[in-house]
Number of protein chains: 2
Amino acid sequence: MQLISRTSEYALRAVIWLVQPPARSQTTRQIATGTRTPPDYIAKVLQSLAKAGLVRSQRGLGGGFQLAGDPAQITVLDVINAVDPLERIHTCPLGLKAHGTNLCPLHCGLNDTALQMEAAFAKTKLADLLNGAMPSIPLGIKLQPDRRSPVPA
Amino acid sequence: MQLISRTSEYALRAVIWLVQPPARSQTTRQIATGTRTPPDYIAKVLQSLAKAGLVRSQRGLGGGFQLAGDPAQITVLDVINAVDPLERIHTCPLGLKAHGTNLCPLHCGLNDTALQMEAAFAKTKLADLLNGAMPSIPLGIKLQPDRRSPVPA
DNA sequence: GCTAAAGCGGATGTCAATGTCCAGTTTGGC
DNA sequence: GCCAAACTGGACATTGACATCCGCTTTAGC
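Conventions used here
- Residues numbered from 1 in each chain as written.
- Chains lettered and ligands numbered in written order.
- Predicted model: local features only at pLDDT ≥ 70, side-chain atom pairs only at ≥ 80, totals over all residues.
- Heavy atoms only, no water.
- Axes fitted to C-alpha atoms, helices over the stretch in contact; angles between N-to-C directions.
- Helix = DSSP H or I, 4+ residues; strand = E, 2+ residues; numbered from the N terminus.
- Parallel < 35°, antiparallel > 145°, perpendicular 65-115°, else oblique.
- Contact = heavy atoms within 4.5 Å.
- Nonpolar A, V, L, I, M, F, W, Y, C, P; charged D, E, K, R; others polar.
- Near = heavy atom within 4 Å.
- Polar contact = N/O pair within 3.5 Å; in protein donor to acceptor, adjacent residues only side chain to side chain.
- Left-handed = near helix turned anticlockwise from the far one by under 90°.
- Buried < 20%, exposed > 50% of the residue type's maximum accessible area, 1.4 Å probe, protein only.
- 1 Å grid on protein atoms, 1.4 Å probe; cavity = no way out; pocket = protein on both sides within 12 Å on 5 of 7 lines; lining within 4 Å.
- Points joined across faces, edges and corners; volume = space filled by probe spheres on them.

> Which parts of the structure should I look at to understand the packing of helix H1 (residues 6–19) of chain B against helix H2 (residues 28–35) of chain B?
Two packed helices can be described by the angle between their axes and the distance between those axes. All names here are of chain B. The geometry of H1 relative to H2 is characterised by a closest axis approach of 10 Å and an angle of 105° between their N-to-C directions. In terms of axis orientation, H1 runs roughly perpendicular to H2. Contacts between H1 and H2 pair Arg13, Ala14, Trp17 and Leu18 from the former with Gln30, Ile31, Gly34 and Thr35 from the latter. Looking at the contact of H1 with H2, its residues break down into four nonpolar, three polar and one charged.

The following block contains the structure:
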């Protein structure tokens, strides 16, 4: 069981990649290489992020993707919700009349846990994933914007 | 995105069903009907629970399943781990040498969240899902052990 | 010991998430 | 204006979780 879907994971890697300097427009291929994600799939994920307004896309020669907002504002939850929203439990999946609007203890508890998780994701801003509060370097480091410098294997 | 897999959900429903009085041996079919789970699938889930030692199975006429331990001891986490363990992140999925044993900030954070979730699940005992701390009745209520009394639709 | 009720386990089917492919559109540089 | 770089969107392929099927084994009751 995974905490988040692979799609969400890829989306997070992509936006973190875009947050890192130099904040130049990055092509799908650059992002795919830099984040080690399937190129043709990350393309789809980037579409979702663009539709959600988290990234801006630019077509044509010299185009690519850029973060659309402030890294200090955008949260991990924003990113996840853009590509694969985590579902809450609104009605008991058992469809019990007896439970009415309320949830049974089990699903009440599960829902609580989901809310906790959501809160944790909402608290973490993209910017938090950059600076030294954390032990290691975010992903790889993009060096020159044009120099092929994916990530040391 | 679901918090827990359907398999885990089914497993939880099953053990909760078994916790509820009367604590008589319940057949796969009784459990399936009572918890509204696919009969042939819950059978597999029950196998897993049995292998993990959470339930005892009895073959032959009059057989079925019973909870193997103390409802005040068994946790939601125990049940989940028996059928679909939630995975922790031990090494950065990017395979970055730069990160070594450490995780990058992203996966460090995700791992933290996973641990929180695990803690929440570990805190909840099966018995907690029964008594009145919660608003509504656990699942349905099993009335007579033999009387067909699944759950009011 | 025969029979029917019940769990056991392997083989197979289904479906949504993931991943790939390709033709179309936009756009900067010459 | 032409070309090549790049995103866009639809169609298709793959995979693993979920679900079903069926024959085998165990066991209580007669």
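> Can you walk me through the protein's contact with DNA strand C in this structure?
Looking at DNA strand C, there are 26 residues lining it, with Thr7(A), Arg59(A), Lys44(B), Gln47(B) and Ser57(B) nearest. Backbone sugar and phosphate groups make up 70% of those atoms of DNA strand C lying within 4 Å of the protein. Tyr10(A) has a polar side-chain atom sitting 3.2 Å from a phosphate oxygen of DNA strand C. In this structure, Arg59(A) approaches DNA strand C through a side-chain N or O atom, which is 2.6 Å from a sugar or linking oxygen. Only helix H1 (6–19) and helix H3 (39–51) of chain A together with helix H3 (39–51), strand E1 (55–58) and strand E2 (64–67) of chain B provide two or more residues apiece to the surface near DNA strand C.

> Where do I start with the protein's contact with DNA strand D in this structure?
Taken together, 26 residues are adjacent to DNA strand D, and Lys44(A), Gln47(A), Ser57(A), Thr7(B) and Arg59(B) come closest. Near the protein, within 4 Å, the atoms of DNA strand D are sugar or phosphate in 72% of cases. Contact distances for DNA strand D include 2.5 Å between a phosphate oxygen and a side-chain N or O atom of Gln47(A). Separating a base oxygen of DNA strand D from a backbone N or O atom of Gly60(B) is a distance of 3.5 Å. Those elements giving two or more residues to the surface near DNA strand D turn out to be H3, strand E1 (55–58) and strand E2 (64–67) of chain A together with H1 and H3 of chain B. Grouping the amino acids of the surface near DNA strand D by side-chain chemistry returns six nonpolar, 13 polar and seven charged.

> Can you walk me through the packing of H1(A) against helix H5 (residues 105–123) of chain B in this structure?
Where H1(A) contacts H5(B), the axes come no closer than 11 Å and their chain directions differ by 140°. On the basis of the axis angle, H1(A) is oblique to H5(B). Where H1(A) crosses over H5(B), the handedness of that crossing is right-handed. Of the residues in H5(B), those in contact with Glu9(A), Leu12(A), Arg13(A) and Ile16(A) of H1(A) are Leu106(B), His107(B) and Leu110(B). Split by residue class, the contact of H1(A) with H5(B) holds four nonpolar, one polar and two charged.

> Explain unusual backbone geometry here, please?
Glycine aside, negative phi is the norm for most residues, and most peptide bonds take the trans geometry. All names here are of chain A. The phi dihedral of Arg36 is positive, around 55°, even though this residue is not glycine. The residue Arg36 is located in the loop between helix H2 (28–35) and H3 in this model. Arg36 sits in the partly exposed class, given a relative accessible area of 38%.

> Please explain the layout of surface pockets as it appears in this structure.
Empty space left among the atoms is revealed by rolling a probe the size of a water molecule over them. In this structure, the largest pocket spans a volume of roughly 380 Å³. Taken together, 18 residues line the largest pocket, and the ones lying closest to its centre are Pro93(A), Gln2(B), Ile4(B), Arg6(B) and Glu9(B). Here the lining of the largest pocket is composed, by residue class, of eight nonpolar, five polar and five charged. Counted as a void, the second largest pocket has a volume near 320 Å³. If you trace the second largest pocket, you find 16 residues lining it, with Gln2(A), Ile4(A), Glu9(A), Ile89(B) and Pro93(B) closest to the centre. Mapped by element, the contributors of at least two residues to the lining of the second largest pocket are H1 of chain A together with H5 of chain B.

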